[in-house]
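Given next are the chains, with one letter for each unit.
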Amino acid sequence: MSEKIAVGVLGATGAVGQKFVSLLENHPWFELTEVAASDRSSGKSYKDAVTWRQYSAIPDRLNEKLVKPCEPNLDCRVVFSGLDSSVAGEIEEDFARAGYIVLSNSKNHRMDDDVPLLVPEINPDHLGLIEVQRKRRDWKGAIVTDPNCSTIGLVMALAPIDRAFGARRVIVTTMQALSGAGYPGHAAIDMVGNVIPFIGGEEEKLETEPLKILGKLDAGRVRFSDCRISAHTNRVLVEDGHMECVSVELEKKATLDEVARVLAEFTGLPQELKLPSAPEHPIIVMTERDRPQPRFDRDAGAGMSTVVGRIRECPVFDIRFVVLSHNTIRGAAGAAILNAELMKAKGFITD
């Protein structure tokens, strides 16, 4: 354990917090030493404070672990935040001000102009914003965010296409899993035999977050991509796995084979550095006419790969395809852990 970096989880009893706990168990670089949550949970043992909803059991060593308040006096210097957005903003700032590295899954700081909205395969250079953030806010810590769970699948597929051919306009329609709403989420009577064509704030995130991720870091600021995105978001009766139907207008015409090849061959710095959570193939292209499907394909690359299928011509734009990503792994906790791994590899997190 002494060779690993001590880390904590804020919001450790919630849905995303539980996923952090599960994924950090036996991590080769990080050791979970602190769990923190709201006042109603702090002071209890972790097993008594949490309604555990993961398929694996609570790690034995954490059953009796004391849940602490979300205050910056934890015995670690790196924290993963699964806090609800209603409280995350100020708490994360308090930790960064106190010198902690905060890897946030919350929306509060994603669009701050001095905070990286990081996808390690796409924009690792955006970590350069940390220096800007520290100077501007006069703190020694840092906040680094990962994207919304629906953004990640879209941007993973869009980035290599944009680099190779340019992406002018995008229309995306999502079919988002129930787990994206947290626990207990929607009542069964609302979902059985039904689709809910509204997820609060989700369309706005899909239309703005990719523009920052695809943007270029220049002189201490991100110049957003000028791609235009129109999003429709829907909640469907699927447990895990967000599916998206995407149409893209290209700046440079491309054949379907060229698009498929660019996607299938895409890799980034996490693969080059062989980071522990990095999938060997960040994008998996499927050729079957009815794939991907959440039940069969969401766990590709241990839930860290994005799966693309049904690549075909679009009669309105140029190309269209289907994207699937695991919303609680690559779309949440797994993304933040990969961000932390990149930060360790680049010297932003040290022993």
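Before reading further, recall that the structure is shown in the block above.
Keep in mind it's a predicted model, so treat the numbers as computed, not measured.

**Student:** How do you make sense of the overall build of the protein chain when you look at a structure like this?
**Tutor:** A count of helices and strands for the protein chain gives 11 helices and 14 strands. Compactness check: the protein chain gives a C-alpha radius of gyration of 20 Å against a globular reference of 20 Å for 351 residues, within 12% of the reference. Taking the principal axes of its C-alpha atoms as reference, the protein chain extends roughly 60 × 50 × 35 Å. Looking at the protein chain as a whole, 55% of its 351 residues qualify as buried. In the protein chain, once contacts between residues fewer than 6 apart in sequence are set aside, the share between residues at least 24 apart is 74%. Accessible surface, the protein chain as shown: approximately 15,500 Å² in total, 48% of it carbon and sulfur. In the protein chain, 42 side chains carry a positive charge and 50 a negative one; their mean positions are 1 Å apart.

**Student:** Honestly, the pattern of salt bridges in this entry has me stumped. Any pointers?
**Tutor:** Two side chains bearing opposite charge may form a pair once their charged atoms approach each other closely. Evaluated as defined, the whole model comprises 20 salt bridges. Between Arg 97 and Asp 94 there is a salt bridge whose closest N-O contact spans 3.0 Å. Separated by 3 residues within a single helix, Arg 97 and Asp 94 lie in helix α3 (residues 85-97), roughly one turn from each other. Among the residues examined, Asp 94 registers a relative accessible area of 30% and is labelled partly exposed. Ionic pairing is found between Glu 202 and Lys 205, a salt bridge with its closest N-O pair at 3.9 Å. Pair noted here: Glu 202 and Lys 205 are both in helix α7 (residues 202-213), with a separation of 3 residues, about one helical turn. By the burial criterion, Glu 202 is buried, and Lys 205 matches it. In this structure, a network of salt bridges that share partners links the residues Asp 112, Asp 113, Asp 114, Arg 136 and Arg 137.

**Student:** What exactly am I supposed to notice about the sheet that holds strand β7 (residues 167-175) here?
**Tutor:** Taking strand neighbours across the sheet as the criterion, the 6 strands line up as β10-β7-β11-β14-β13-β12 in an open arrangement whose pairing is mixed. Where the open sheet ends on each side, the last strands, each with one partner, are β10 (228-232) and β12 (283-285). Across the sheet, the mean angle from the axis of one strand to that of its neighbour is 25°, orientation sign disregarded. Pairing between strand β13 (residues 306-313) and strand β14 (residues 319-325): 5 bridges, direction antiparallel.

**Student:** Would you mind showing me how to read the layout of surface pockets here?
**Tutor:** Where empty space is left in the structure can be found by rolling a water-sized probe over the atoms. Put simply, the largest pocket is a space of about 1,300 Å³. The set of elements that each furnish at least two residues to the lining of the largest pocket consists of α1 (15-24), α3, α7 and α11 (329-345). The class makeup of the residues in the lining of the largest pocket is 18 nonpolar, 21 polar and 11 charged. Space inside the second largest pocket adds up to approximately 650 Å³.

**Student:** Looking at this model, I keep getting lost on the environment of Ser 41. Mind explaining?
**Tutor:** With respect to the helices and strands, the residue Ser 41 is situated in the loop between β2 (30-37) and α2 (46-49). With a relative accessible area of 5%, Ser 41 lands in the buried category. In this structure the C-alpha to C-alpha distance between Ser 41 and Thr 13, which are 28 residues apart in sequence, comes to 7.9 Å. If we ignore the near neighbours within four places in the chain, the residues touching Ser 41 are Thr 13, Ala 49 and Val 67.

**Student:** Teacher, can you tell me more about the nonpolar core here?
**Tutor:** Note that soluble globular proteins tend to have their nonpolar side chains buried in a common cluster. By size, the foremost hydrophobic cluster in this structure holds 40 residues, and its most contacted members are Leu 24, Tyr 46, Phe 80 and Leu 103. For this core, the secondary structure elements donating two or more residues are β1 (5-10), α1, β2, α2, β4 (78-81), β5 (101-104), β6 (142-145) and α11. Counting residues per element, this core draws most heavily on α11, which supplies 8 residues. Contact partners of Phe 80, with chain neighbours within four places excluded, come to Val 7, Gly 8, Val 9, Leu 10, Phe 20, Leu 24, Leu 103, Ala 336, Ile 337 and Ala 340.

What counts as what
Residues numbered from 1 in each chain as written. Predicted model: local features only at pLDDT ≥ 70, side-chain atom pairs only at ≥ 80, totals over all residues. Heavy atoms only, no water. Helix = DSSP H or I, 4+ residues; strand = E, 2+ residues; numbered from the N terminus. Rg over C-alpha atoms; globule rule 2.2 N^0.38 Å. Buried < 20%, exposed > 50% of the residue type's maximum accessible area, 1.4 Å probe, protein only. Contact = heavy atoms within 4.5 Å. Areas by Shrake-Rupley, 256 points an atom, 1.4 Å probe, with all protein chains shown as cover. Lys, Arg positive; Asp, Glu negative; His and termini not counted. Charge placed at Lys NZ, Arg CZ, Asp CG, Glu CD. Salt bridge = Lys/Arg side-chain N within 4 Å of Asp/Glu carboxyl O. Pairing = 2+ DSSP bridges. Axes fitted to C-alpha atoms, helices over the stretch in contact; angles between N-to-C directions. 1 Å grid on protein atoms, 1.4 Å probe; cavity = no way out; pocket = protein on both sides within 12 Å on 5 of 7 lines; lining within 4 Å. Points joined across faces, edges and corners; volume = space filled by probe spheres on them. Nonpolar A, V, L, I, M, F, W, Y, C, P; charged D, E, K, R; others polar. Core = buried A, V, L, I, M, F, W, Y, C linked by side-chain atoms within 4.5 Å.

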